[in-house]
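# Residue-level structural notes
Chain residues, written in single-letter form:
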2 protein chains.
Amino acid sequence: MQTTATTYSPRPDAPIGVFDSGVGGLTVLRALLERLPDEDFVYLGDTARLPYGTKSPSSIRQYSLQAARRLHERGVKCLVVACNTASAAALDVLTAEFAPVPVLGVLEPGAAAACRATRNDRIAVLATESTVRGGAYQAAIVRRLPQAVVSARACPLFVALAEEAWTDGPVVEGVMHRYLDDLFVAGAEATHPDTLLLGCTHFPVFASTLARVLGPGIAIVDSAATTAGSLAEVLEARGLCRAPGAGHGRVTLLATDGAERFARVGAVFLGRPLAPADVEIVDLAPAPAATAAST
Amino acid sequence: MQTTATTYSPRPDAPIGVFDSGVGGLTVLRALLERLPDEDFVYLGDTARLPYGTKSPSSIRQYSLQAARRLHERGVKCLVVACNTASAAALDVLTAEFAPVPVLGVLEPGAAAACRATRNDRIAVLATESTVRGGAYQAAIVRRLPQAVVSARACPLFVALAEEAWTDGPVVEGVMHRYLDDLFVAGAEATHPDTLLLGCTHFPVFASTLARVLGPGIAIVDSAATTAGSLAEVLEARGLCRAPGAGHGRVTLLATDGAERFARVGAVFLGRPLAPADVEIVDLAPAPAATAAST
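Residues numbered from 1 in each chain as written. Chains lettered and ligands numbered in written order. Predicted model: local features only at pLDDT ≥ 70, side-chain atom pairs only at ≥ 80, totals over all residues.

## Some thoughts on the relation of the copies chain B and chain A
A rotation about an axis combined with a shift along that same axis relates the two copies of the chain. Its rotation angle being 180°, the transformation that places chain B on chain A also includes 0.0 Å of axial translation and leaves an RMSD of 0.0 Å. Given the turn and translation reported, the copies of this chain are related as if by a two-fold rotation axis. (Least-squares fit on C-alpha atoms with pLDDT ≥ 70 in both.)

Shown next as structure tokens:
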């Protein structure tokens, strides 16, 4: 089932694999499609086991490996981990397992974007519980900007709100105030962050409401566009770009559960209509040894 | 691994198995402990795969069977499915698989409680997306009360709010108004339900806030206490009650992921402090054929 580094080398005309715990990573796929319109993509959402954000690092690593193996079986030329939680917990094991296929996460590009945006070296990160507890964003920012003061906040309700497509209105603003007022309102103004990093792929849908709630002067950044730029650089450097005009921007959507829900909720994140028939259901449960060879 | 009906018969001194997709079922365990203080309990929360409420019926059945088999291996004398979603989707397959071990869900007791409470035959059910779409509550109510008018509403944000332990305040009231005003405020008063059934084990933590938001005259019922009563009757009828004073109300807690989070969030639902060391982590992934015999 596994192809070794000596027999496998990625081809420019192969698709790009993108995986996420569910539909949130479609905000990243959207940015990739805009930046790389000639490339084909295979997106896998592990909807049967979402959310990853409240699970333990060892479970997240196991799930990420299973998802990435399924994309690898489809011959992808590189792998984008479009899930902050999986980027934080599993990027190292994925990079080791799939070399020489390049593996990119969304965490480092997001941290880089925040470091470029801040003027006062104070950055707030909104993420899932697992990402915040793991401290990976805090570390990635401080590696680039050692004097940075990073405040990380777990905002699990934002995930549920995004999946309900409630992106503005009094309830959403109330949740934002409850999560953020002690960072942006309490205390001396000089201690407030000037940059807010959306460290979960679900959160870009709240960008305009957050901008209104926080008021002017706060830069709101996410990792989608920056990840697309990093991917373009990696493909270029590795000679893996598809010839311009050769591809079709084809998107294959895989999910581990619920095509109907994937299409309905995913359309909000991808920004275009989806039908259940567009989504192929796959099973990632570990294959018994006897059948592994046939996959 | 499986014990057949002819060789296995439940014993009165065995523990009672309780399973849920996560920590919400601890509200049911709490009611069982109050009603049956002499019994021992083994509770299994499938936290690695929660929530069940947005997943497909076939996934829910598969997960429920895996969880129930693990409890069966521990020799439980009966099985309580303390998860509305699993009760709706999987009670029939569990009952067939584990006979003669009695299997009780929370759905029928909840429906019975609502039918007893209503005076105007109008019942609102709050539940997860999967439970609402499956229509099992609607069917269980109409079987008992054919003239009933049932309005079912999926409230996924309540699950996220409960797990954040946000059970009152303006955000919670705002969510309640957004989900419920068209049922309880819009239209003629005569068409409003007089009974609200909390059809998800997470929701009893909102009972007092819901009572304030909805005002007097609305009966709020859940299935925990009624399920405890049903369980007592089943144990009595089958001669499976533990002798009074013989047991210790021992509780064994199993989870499939995240002992720390289980203890922290679960304490809200169980109503007593829990430590991570109180929670044993188990793996429900399908065992490869070679090792199944050893479990």
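Still more ground to cover, so stick around.
## Describing the sheet that holds strand 2 (residues 41-45) of chain A
Residue and element names in this part refer to chain A. The strand order across the open sheet built from six strands is 4-3-1-2-9-10, with neighbouring strands paired in parallel fashion. Each edge of the sheet is formed by a strand with only one pairing partner; in this case those strands are strand 4 (103-105) and strand 10 (279-281). For this sheet, the mean angle separating the axes of adjacent strands, direction not counted, is 20°. Pairing geometry for strand 1 (residues 16-20) and strand 3 (residues 78-81), over four bridges, is parallel. Within the sheet, the bridge partner assigned to Val18 lies in strand 3 and is Val80. Helix-sheet contacts for helix 11 (residues 259-270) involve strand 2, strand 9 (251-255) and strand 10, and the interaxial angle to strand 10 is about 145°. (Pairing = 2+ DSSP bridges. Helix = DSSP H or I, 4+ residues; strand = E, 2+ residues; numbered from the N terminus. Axes fitted to C-alpha atoms, helices over the stretch in contact; angles between N-to-C directions. Contact = placed C-beta atoms within 7 Å.)

## Focus: the environment of Gly271(B)
All names here are of chain B. Its location among the elements puts Gly271 in the loop between helix 11 (259-270) and strand 10 (279-281). Note on Gly271: 14 C-beta atoms within 10 Å, which makes it partly exposed. Along the chain, Gly271 and Arg30 lie 241 residues apart, while their C-alpha atoms are 7.5 Å from each other. (Buried ≥ 20, exposed ≤ 12 C-beta atoms within 10 Å, placed from the backbone.)

## Looking at helix 7 (residues 156-163) of chain B
Taking burial as the measure, the eight residues of helix 7 of chain B include seven buried ones, the bulk of the element. For helix 7 of chain B, the set of buried residues is Leu157(B), Phe158(B), Val159(B), Ala160(B), Leu161(B), Ala162(B) and Glu163(B). Packing partners of the buried residues in helix 7 of chain B comprise helix 7 (156-163) of chain A together with helix 8 (170-184) and helix 11 of chain B. Directly after helix 7 of chain B, the chain includes Ala165(B), whose backbone phi takes a positive value near 60°.

## A word on the sheet that holds strand 5 (residues 122-127) of chain A
Residue and element names in this part refer to chain A. A sheet is described by the order of its strands in space; here four strands give the open sequence 6-5-7-8, paired in parallel fashion. Every other strand in the sheet has two partners, leaving strand 6 (149-154) and strand 8 (219-222) as the edge strands with one partner each. With direction set aside, neighbouring strand axes in the sheet form an average angle of 20°. In this sheet, strand 8 lies alongside strand 7 (residues 195-198) in parallel orientation, the contact comprising four bridges. Each bridged residue has a counterpart across the sheet, and for Thr195 the counterpart in strand 8 is Ala219. Helix 4 (residues 107-117) contacts strand 5, strand 7 and strand 8 of the sheet and is inclined by roughly 160° relative to strand 8.

## Things to note about unusual backbone geometry
Residue and element names in this part refer to chain A. Leu50 connects to Pro51 through a cis peptide bond whose omega is -5°. As for its position among the elements, Pro51 is in the loop between strand 2 and helix 2 (57-73). For the bond from Ala99 to Pro100, the omega torsion is 10°, close enough to zero to count as cis. Within the secondary structure, Pro100 sits in the loop between helix 3 (84-98) and strand 4. Not every positive phi belongs to a glycine, and Asp121 is a case in point at roughly 60°. As for its placement among the helices and strands, Asp121 is situated in the loop between helix 4 and strand 5.

## Examining the confidence of the model for chain A
Residues and elements named next belong to chain A. For chain A, the mean per-residue pLDDT works out to 90, and 93% of the residues sit at or above 70. Here residues 287-295 scores under 50 on pLDDT; set against residues more than four positions off or in separate chains, the count is nine contacts. Across the whole predicted complex the pTM is 0.84, and at the interface the ipTM reaches 0.80. (pLDDT = per-residue confidence, 0-100.)

## Focus: the domain arrangement of chain A
Residue and element names in this part refer to chain A. For chain A, the domain assignment lists domain 1 (16-105 + 225-292) and domain 2 (108-222). Using C-alpha coordinates to define each centre, domain 1 is positioned 24 Å away from domain 2. Counting from both sides, the interface comprises 25 residues of domain 1 and, opposite them, 22 residues of domain 2. Among the residues making up the side of domain 1 that touches domain 2, the classes are represented as twelve nonpolar, eleven polar and two charged. (Domains from an automatic or database assignment. Nonpolar A, V, L, I, M, F, W, Y, C, P; charged D, E, K, R; others polar.)

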